[in-house]
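Observations on the three-dimensional arrangement
Given next are the chains, with one letter for each unit.
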There are 2 protein chains.
Amino acid sequence: MKIVVDAFGGDNAPLEIVEGALLALKQFKDLEVILCGKEEIITKILNGRNERVEIVNADEVITNDDHPTEAIRHKPNSSLVVAYDVLKNREDVIGLVSAGSTGAVLAGAIMKIGRIKGISRPALAPILPTKKDSDVIIIDSGANIDCKPINLLHFALMGSAYYSIVYNKKEPRVALLNNGAEEEKGNELAKETYPLLKNAPINFIGNKEGGDFMSGDVDVMVADGFAGNALLKGTEGAVGAVISILKKSIKAHFLSKIGYLFMKKTFKDIKDRVDILSKHGGSPLLGCKKLIVKNHGSCKRNNILASIEKTIILHENHLNQRIEEAINKLNSQENA
Amino acid sequence: MKIVVDAFGGDNAPLEIVEGALLALKQFKDLEVILCGKEEIITKILNGRNERVEIVNADEVITNDDHPTEAIRHKPNSSLVVAYDVLKNREDVIGLVSAGSTGAVLAGAIMKIGRIKGISRPALAPILPTKKDSDVIIIDSGANIDCKPINLLHFALMGSAYYSIVYNKKEPRVALLNNGAEEEKGNELAKETYPLLKNAPINFIGNKEGGDFMSGDVDVMVADGFAGNALLKGTEGAVGAVISILKKSIKAHFLSKIGYLFMKKTFKDIKDRVDILSKHGGSPLLGCKKLIVKNHGSCKRNNILASIEKTIILHENHLNQRIEEAINKLNSQENA
């Protein structure tokens, strides 16, 4: 099983990316990794640990300052474009992992790999913790800023298929992000999307508000990428803000410092629960012909390990086949 | 100075509403309160404490199940409509406080009171804490679900005027909610709004993401009511979720329970910082000809006290006059 990794994408590339790939190779004995990037530097990091590693040289790097589409077009020798070429041209490569610029990863996916037949737009679906034991995904979280109802319908199908694999849950609860629970609520987009989701082959539980996102009552939150991004980033920011207020207050009170020593386990719990990225790796770009997992730019080796693991799980559980089946089911419903 | 209060709006009406009004009367010696609702019940709660209190009887109540516009039209004897009539017809009444259905409060404001000349849409601007010492408001937070760029421009002017009064800050930092910091980012609405805000007589600091909401780097976050609602509710939900995860973890670990005792002061700090509603009361419906403050449905007496106090502050600092001046300045810029 082969996975291609963009070794020069991300703030901590190439060291953390290469080390993450090595961790994955240790864990999955039938895995082979293709690292794209400056061969000399990668070889130095590998320092002899090159079993089941192939390097494909790429001298350029795409940065966040590059215009995504133009970068894909005019930097053919960048680590990301070379990785996409490997993914595209070699049938035995099951997926790509990159922590590079989100825009460029998206542009490359569309220009180099293409969409699953019937899917209008690929979408990003990051995972967040909830206050119960379950996690929640939001789709789309920023790949598609202006959306039509059909896009949101496809997001719902893809999100449901993805969640059901990652959490082994047969009928994930899919909700539409809205400004109220009632069916008639929402902006034009939400109002037009509601009946589509109601009739789709998913477990649609209706409208949910931003406040329900971390409630544990929703598995898949469907939104356009603009509102979805506001919800995702707002949630992450709020979690960080509360922890920051907590720390500041602890520093201010002597007794709290003593209390902190007793509560270390609790703080570790929260850190583990909130820092879900290292457990789950990046977010897949759902709806492309091949598996693509986008990591956060600041990710470290454990995130890369988790992303490679996720690629394997999604491959072994036939994510794309499931998405195709859902689209076919939808189309046959419409034609019935 | 007279303020009219919808004594039968909200989950804890009429008891908490009436008690809140009484707290305000204790604090502001030149305040008079007009309570609208079932006279007999209000009189019972007052139990003789009726100095500077006037009751205007209203036998009906508007609930969340009522259709807002129809309720305003067909329940002329409801506590909210009667309160709006008092606000409209009596010149000496400076403002209205209600914890009733948001939709009905909005509908009543537009149908009974009307907009300030030049303002396209009134908007709600709730306050949230940040991780620094400052607070942040979001405008609009759900009153206007489908928006045009001109609406967002007016939200920015109104939000800036409001924030500058409440926090005595000359040039609040106004940002546009977006999915990235760069000028060209955003959905169609955000892209068209950006140049309007850039040229407006406000301290516009550019695009900010949901993650910047609680950073302390923004004073006034401008958004359409759909995305703004997602951000606001998502943030509130996330804060609640973190605290809930914290509590659950404390219960699970014995040492943490001991730690908790030492950290009581810290937890009180956080509660105070997050529970900003009781400090600030409800959110004003900015842009109406008279002051209207909408409280959360679940509010208690302290929130009502804070809302009455806020109405007084906004009145004494000429909020509506400032909004009119900002609109005039904008128009003279456009004509220049």
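Here the structure is shown first, and the text comes after it.
Residues numbered from 1 in each chain as written. Chains lettered and ligands numbered in written order. Predicted model: local features only at pLDDT ≥ 70, side-chain atom pairs only at ≥ 80, totals over all residues. Heavy atoms only, no water.

For the structure shown, the criterion picks out 24 salt bridges over all chains. Note that Glu54 of chain B is salt-bridged to Arg90 of chain B, the shortest N-O span being 2.9 Å. Of this pair, Glu54 of chain B sits in strand E3 (residues 53-57) while Arg90 of chain B is found in the loop between helix H4 (79-89) and strand E4 (93-98), placing the two residues 36 residues apart along the sequence. Where Asp219 of chain B meets Lys169 of chain B, a salt bridge forms, and the shortest distance between an N and an O atom there is 2.9 Å. Of this pair, Asp219 of chain B sits in the loop between strand E9 (203-208) and strand E10 (220-222) while Lys169 of chain B sits in the loop between helix H6 (149-166) and strand E8 (173-177), and the two are 50 residues apart along the sequence. Where salt bridges share partners, they join Glu16, Glu19, Arg49 and Arg301 of chain A into one cluster. (Salt bridge = Lys/Arg side-chain N within 4 Å of Asp/Glu carboxyl O. Helix = DSSP H or I, 4+ residues; strand = E, 2+ residues; numbered from the N terminus.)

What follows deals with helix H2 (residues 39-46) of chain A. Residues and elements named next belong to chain A. For H2, the complete set of buried residues consists of Ile42, Ile45 and Leu46. All buried residues of H2 fall inside an arc of 100° around its axis, so they share one side. The exposed residues of H2 that point more than 90 degrees off its buried face are Glu40 and Lys44. The secondary structure elements touched by the buried residues of H2 are helix H1 (15-27), strand E2 (32-37) and strand E3 (53-57). (Buried < 20%, exposed > 50% of the residue type's maximum accessible area, 1.4 Å probe, protein only. Arc of directions from axis to C-beta. Contact = heavy atoms within 4.5 Å.)

The next thing to look at is the relation of the copies chain A and chain B. In screw terms, the move from chain A to chain B is a rotation of 180° and a rise of 0.0 Å along the axis, fitting with an RMSD of 0.1 Å. When the rotation and shift are considered jointly, the pair of chain copies conforms to a two-fold rotation axis. The position closest to the rotation axis in chain A is occupied by the C-alpha of Gly259 of chain A, lying 2.0 Å away. Same-surface contact between copies: 100% of interface residues of chain A are shared with the interface of chain B. (Least-squares fit on C-alpha atoms with pLDDT ≥ 70 in both.)

This part is about helix H12 (residues 301-316) of chain B. Residues and elements named next belong to chain B. For H12, spanning 16 residues, the distance from its first C-alpha to its last is 23 Å, which sits close to the expected 22 Å at 1.5 Å a residue. Those residues of H12 that fall on the buried side of the exposure criterion are Asn303, Ile304, Leu305, Ala306, Ser307, Ile308, Lys310, Thr311, Ile312 and Leu314. Just downstream of H12 lies His318, where phi reads positive at about 55°. (Expected span 1.5 Å × (residues − 1).)

All names here are of chain A. If you trace the 7 strands from one edge of the open sheet to the other, you get E3-E2-E1-E4-E12-E11-E5, paired in mixed fashion. What marks the edges here is a single partner per strand, and that holds for E3 and strand E5 (123-124). One ladder, built from 4 bridges, connects strand E4 (residues 93-98) with strand E12 (residues 291-294); its direction is parallel. Bridge pairing links Ser98 to Lys294 in E12. Strand contacts of H1: strand E1 (2-6), E2 and E3, with the helix running at about 170° to E2, the strand carrying the most contacts. (Pairing = 2+ DSSP bridges. Axes fitted to C-alpha atoms, helices over the stretch in contact; angles between N-to-C directions.)

A few words now on unusual backbone geometry. Peptide bonds are mostly trans, and most non-glycine residues show a negative phi. Omega for the bond connecting Ala13 of chain B with Pro14 of chain B falls within 30 degrees of zero, at 0°, which places this linkage in the cis form. Checked against the element boundaries, Pro14 of chain B lands in the loop between strand E1 (2-6) and helix H1 (15-27). Following Ile139 of chain B, the chain continues into Asp140 of chain B via a peptide bond in cis, with omega recorded as 5°. In this fold, Asp140 of chain B is placed in the loop between strand E7 (135-139) and H6. For Arg52 of chain A, which is not glycine, the phi dihedral falls at a positive 60°. The exposure class of Arg52 of chain A is partly exposed, given its relative accessible area of 26%. Backbone geometry at Asn47 of chain B places phi at a positive 50°, although glycine is not the residue there. Secondary-structure assignment places Asn47 of chain B in the loop between helix H2 (39-46) and E3.

Residues and elements named next belong to chain B. Packing of H1 against H12 brings their axes to within 7 Å, and their N-to-C directions diverge by 50°. In terms of axis orientation, H1 runs oblique to H12. Like other packed secondary-structure pairs, H1 and H12 cross with a definite hand, here right-handed. Facing H1, whose interface residues are Leu15, Glu16, Ile17, Glu19, Gly20, Ala21, Leu23, Ala24 and Gln27, H12 presents Arg301, Asn302, Ile304, Leu305, Ile308 and Glu309. In terms of residue class, the contact of H1 with H12 is made up of 8 nonpolar, 3 polar and 4 charged. (Parallel < 35°, antiparallel > 145°, perpendicular 65-115°, else oblique. Left-handed = near helix turned anticlockwise from the far one by under 90°. Nonpolar A, V, L, I, M, F, W, Y, C, P; charged D, E, K, R; others polar.)

Our focus in this paragraph is the interface of chain A and chain B. At the junction of the two partners, chain A supplies 50 residues and chain B supplies 51 residues. For the pair chain A and chain B, the summed buried area comes to about 4,300 Å², and 69% of that belongs to carbon and sulfur atoms. On the surface where chain A and chain B come into contact, there are 2 salt bridges. Its salt-bridge partner being Glu209 of chain B, residue Lys233 of chain A comes within 2.4 Å of it at the nearest N-O pair. At the boundary of chain A with chain B, the tally comes to 6 residue pairs in polar contact (both at pLDDT 80 or more). Of the residues in the side of chain A that touches chain B, the class split is 22 nonpolar, 17 polar and 11 charged. (Buried area = accessible area lost by both parts, 1.4 Å probe. Polar contact = N/O pair within 3.5 Å; in protein donor to acceptor, adjacent residues only side chain to side chain.)

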